[in-house]
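Structural features, examined
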Amino acid sequence: MNELLAQKMKPKTLNDVVGQKHLIGENKVLSNLVKNGKIFSMILYGPPGIGKTSIANALVNDLGCHYRFLNATINNKKDFDAVVEEAKMLDGIVLVMDEIHRLNKDKQDLLLPQLESGLITLIGMTTSNPYHSINPAIRSRCQLYELKPLSVDDIISALNNVIAKKILPKIKIDQEAIEHIAKISGSDLRYAYNLLEVAYYSTNDQKIDIDLLKKINNKPSYISDKDGDGHYDLLSAFQKSIRGSDVDAALHYLGRLIEFGDLDSIYRRMSVICYEDIGLANPNMGPRVMAAISASELVGLPEARIPLGEIVIELALSPKSNTAITAINMALKDIEEGNIGSIPDVIKINTTTYKYPHNFPGSFVVQQYMPDNLLNRHYYTPKNSGYEINLKQIYERIEKLKKEKPRN
């Protein structure tokens, strides 16, 4: 079969790489490594289609290294053994490894001593955050370089380069169509190349316009895959926009999640937001969110966007309070640090001195509940926000009574 356009355009040197100007260019780290003829073990991480494999190939080409390419998921231990033996014969080799975050323990145990000795130099690639997903023993032996999403201008430049080099003969495409491809590519250059090539071979006259592109594929390519960091960045942006009371941003990220079809993640994140960010300022949001989720499940997409949009507007504009999560985190921290103390006798199961609060005015009576060593410990600090103003008044009244009357 013919080589795909994305393969034809794969950079042969660092100078051909699209974007990543923070790593490549005059006096930039990767370019200086090539200039000085030196390479170290590294991990390249970032969203799909932005140049991780291209940079790895360009580095070994520029440096003229002996190298082998393996995939941590597909290649077995025998393949890794073969690389180690070849490295011994050649007195060193560069191992370019895709999906390094999936490297299992057997392969790690095989590689670690070779990385330590310098016999193998590793260039790992992953869409996952290496600080969370890669074994610390591997990570500590590598430099970590984050690749940034490509801009629309980066992708336009790459597509114009295809046209200029006449790689697709007699292609006829205007700048508006090129910009359309760049905008819906979601920073994924591979997607942009593939769409251009499909469009080219979908015509009789090699003429590409926006109408043709929309017939082929008008759905944006998102950098967020469900198992990658881009997906969690999107969920993070969704929650932080609601927390920051920015309705328009919250709706934007909700729209992206809906287009991605990931209703389950939307439901889970909204449920968390109710109790983490809205909290005691508006306790009614919990049941309201569950009602919106039920309605969304009942009607399904595309109508689910309506209850979801409505509840997200409410969440964003609701008064906010994080006192509940702060309070329970402080309590758990005390427990984790062993700061617990003995349960007071008055509230133990076989006590005879316990005062039943409902037998007293206002269903309240002062008595000791906290362990002796935590008597003055406060976890909950109420805010002047929404419904929590009422809780604050009650809390402060109780605290005042506790100070006025001696504990039993």
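Residues numbered from 1 in each chain as written. Predicted model: local features only at pLDDT ≥ 70, side-chain atom pairs only at ≥ 80, totals over all residues. Heavy atoms only, no water.

**Comments concerning the packing of helix α8 (residues 152-164) against helix α9 (residues 175-184)**
Look at α8 against α9: their axes get within 9 Å of each other, and the N-to-C directions meet at 130°. Considering the angle they form, α8 stands oblique to α9. Note that α8 runs across α9; the crossing there is right-handed. Residues V152, I155, I156, L159, N160 and I163 of α8 lie in contact with α9, whose contacting residues are Q175, I178, E179, I181, A182 and K183. By residue class, the composition of the contact of α8 with α9 is eight nonpolar, two polar and two charged. (Axes fitted to C-alpha atoms, helices over the stretch in contact; angles between N-to-C directions. Helix = DSSP H or I, 4+ residues; strand = E, 2+ residues; numbered from the N terminus. Parallel < 35°, antiparallel > 145°, perpendicular 65-115°, else oblique. Left-handed = near helix turned anticlockwise from the far one by under 90°. Contact = heavy atoms within 4.5 Å. Nonpolar A, V, L, I, M, F, W, Y, C, P; charged D, E, K, R; others polar.)

**Remarks on the packing of helix α13 (residues 247-260) against helix α16 (residues 305-317)**
For the pair α13 and α16, the least separation of the axes is 9 Å and the interaxial angle reads 150°. When you trace α13 past α16, the crossing you get is right-handed. Contacts from V247, A250, L251, L254 and I258 of α13 reach α16 at R305, L308, G309, V312, I313, A316 and L317. Class assignment of the residues belonging to the contact of α13 with α16 gives a composition of ten nonpolar, one polar and one charged.

**Observations regarding the environment of H378**
For H378, the position within the fold is in the loop between α17 (323-336) and α18 (388-404). Overall, H378 belongs to the partly exposed group, its relative accessible area being 39%. Sequence separation between H378 and A331 is 47 residues; the distance between their C-alpha atoms is 9.0 Å. When neighbours within four sequence positions are excluded, H378 is seen to be in contact with M330, Y395 and E399. At 3.1 Å, the side chain of H378 and the side chain of Y395 are in polar contact. (Buried < 20%, exposed > 50% of the residue type's maximum accessible area, 1.4 Å probe, protein only. Polar contact = N/O pair within 3.5 Å; in protein donor to acceptor, adjacent residues only side chain to side chain.)

**Looking at the packing of aromatic side chains**
Going through the model one piece at a time under the given rule, you end up with three aromatic pairs. Here Y45 and Y131 contribute two aromatic rings whose centre-to-centre distance is 6.5 Å and whose plane-to-plane angle is 85°, an arrangement assigned as edge-to-face. Of this pair, Y45 sits in strand β1 (residues 42-45) while Y131 sits in helix α6 (residues 130-133); the two residues are 86 residues apart in sequence, bridging distant segments of the chain. Measuring from centroid to centroid gives 5.3 Å for Y380 and Y395, while their planes differ by 85°, and the two rings are edge-to-face. One end of the pair, Y380, is in the loop between α17 and α18; the other, Y395, is in helix α18, with 15 residues separating them in the sequence. Given the relative accessible area of 18%, Y380 is considered buried. Classification of Y395 as partly exposed rests on a relative accessible area of 22%. (Phe/Tyr/Trp six-rings, centres within 6.5 Å; stacked < 30°, edge-to-face > 60°.)

**Here we look at unusual backbone geometry**
Geometrically, the link from L301 to P302 is a cis peptide bond, its omega value of 10° lying close to zero. If you trace the backbone, P302 turns up in the loop between α15 (285-299) and α16. One non-glycine residue, D91, lies in positive phi territory at about 60°. In this structure, S363 takes a positive phi of about 50° despite not being glycine. Positionally, S363 belongs in the loop between α17 and α18.

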